[in-house]
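So you can see what is in the structure, the chains are spelled out below.
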Amino acid sequence: MRLELARFGGLSSIADVVSIDTRDLSPETAQELADLVSRIDRPAIAGQSPPVRWSGADDFHYELTVTPDDRPPYAVSIQESELTPQFRSLIERLLAMRRRR
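Residues numbered from 1 in each chain as written. Predicted model: local features only at pLDDT ≥ 70, side-chain atom pairs only at ≥ 80, totals over all residues. Heavy atoms only, no water.

Visitor: What is the right way to read the pattern of salt bridges from this model?
Guide: In a structure, side chains of opposite charge can pair up when their charged atoms sit close to one another. Tallied over the full model, the rule gives five salt bridges. The closest approach of N and O atoms between D16 and R98, which form a salt bridge, is 2.5 Å. Within this pair, whereas D16 is found in strand β2 (residues 16–21), its partner R98 is found in helix α3 (residues 85–100), the two being separated by 82 residues in sequence. For D16, a relative accessible area of 17% translates into the label buried. Judged by its relative accessible area of 25%, R98 falls in the partly exposed class. For E32, the salt bridge goes to R93, with nearest N and O atoms at 2.9 Å. Taken together, the residues span a long stretch of sequence, with E32 in helix α1 (residues 27–38) and R93 in helix α3 at a distance of 61 residues. The exposure class assigned to R93 is buried, which follows from its relative accessible area of 15%. Shared partners join several salt bridges into a network, and the residues in it are R7, D16 and R98. (Salt bridge = Lys/Arg side-chain N within 4 Å of Asp/Glu carboxyl O. Helix = DSSP H or I, 4+ residues; strand = E, 2+ residues; numbered from the N terminus. Buried < 20%, exposed > 50% of the residue type's maximum accessible area, 1.4 Å probe, protein only.)

Given below as structure tokens:
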């Protein structure tokens, strides 16, 4: 599975992109990410109406593209204020992995 997370906004308004291919990770870490991805409630996120404007200058907007090994890719786009706990866990994990590389 390939994951690409783009984070836009924040105080610096600079895009931050993390790309990870789980085939390059240990089996344990790859499974951890697969579990986090499986917990994202895509129908609930897709049903949210997009905010008219960001609620603050330092808000983030996230775009996650998931390319499973055996299915077509899909993308999820969400404002920081709308993140579910499950989505937040995945984002935090991906950003932490990027910092360690």
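Once you've had a look at it, read on.
Visitor: So what exactly am I meant to see when it comes to the sheet that holds strand β3 (residues 60–67) here?
Guide: Two modes of strand pairing occur in sheets, parallel and antiparallel, and in both the strands are linked by backbone hydrogen bonds. One open sheet accounts for four strands, arranged β2-β1-β3-β4; its pairing is antiparallel. Both edges of this open sheet fall to β2 and β4 (74–79), since each of them pairs with a single strand only. Ignoring which end each strand starts from, the neighbouring axes of this sheet average 10 degrees apart. Summarising the sheet, strand β1 (residues 2–9) and β3 pair through eight bridges and their orientation is antiparallel. Residue pairing for β3: R2 is matched across the bridge by T67. (Pairing = 2+ DSSP bridges. Axes fitted to C-alpha atoms, helices over the stretch in contact; angles between N-to-C directions.)

Visitor: Looking at this structure, I do not really get the pairing of β1. What am I missing?
Guide: Each regular strand carries side chains that alternate between the two faces of the sheet. Inspection of the sheet shows β1 paired to β2 by six bridges, in the antiparallel sense. By the bridge assignment, E4 is partnered in β2 with S19.

Visitor: What am I meant to see in the pairing of β3 here?
Guide: Two elements, β3 and β4, share six bridges in a ladder whose sense is antiparallel. Along β4, the bridge assignment pairs T65 with A75. Taking the residues that link successive antiparallel strands as the turn, the β3-β4 hairpin has six residues.

Visitor: Looking at this structure, I do not really get the environment of L5. What am I missing?
Guide: Residue position: L5 is located in strand β1. Separated by 14 residues in sequence, L5 and S19 place their C-alpha atoms 6.5 Å apart. Residue contacts for L5: discarding those within four places in its chain leaves D16, V17, V18, Y62, E63, L64, I91, L94 and L95. (Contact = heavy atoms within 4.5 Å.)

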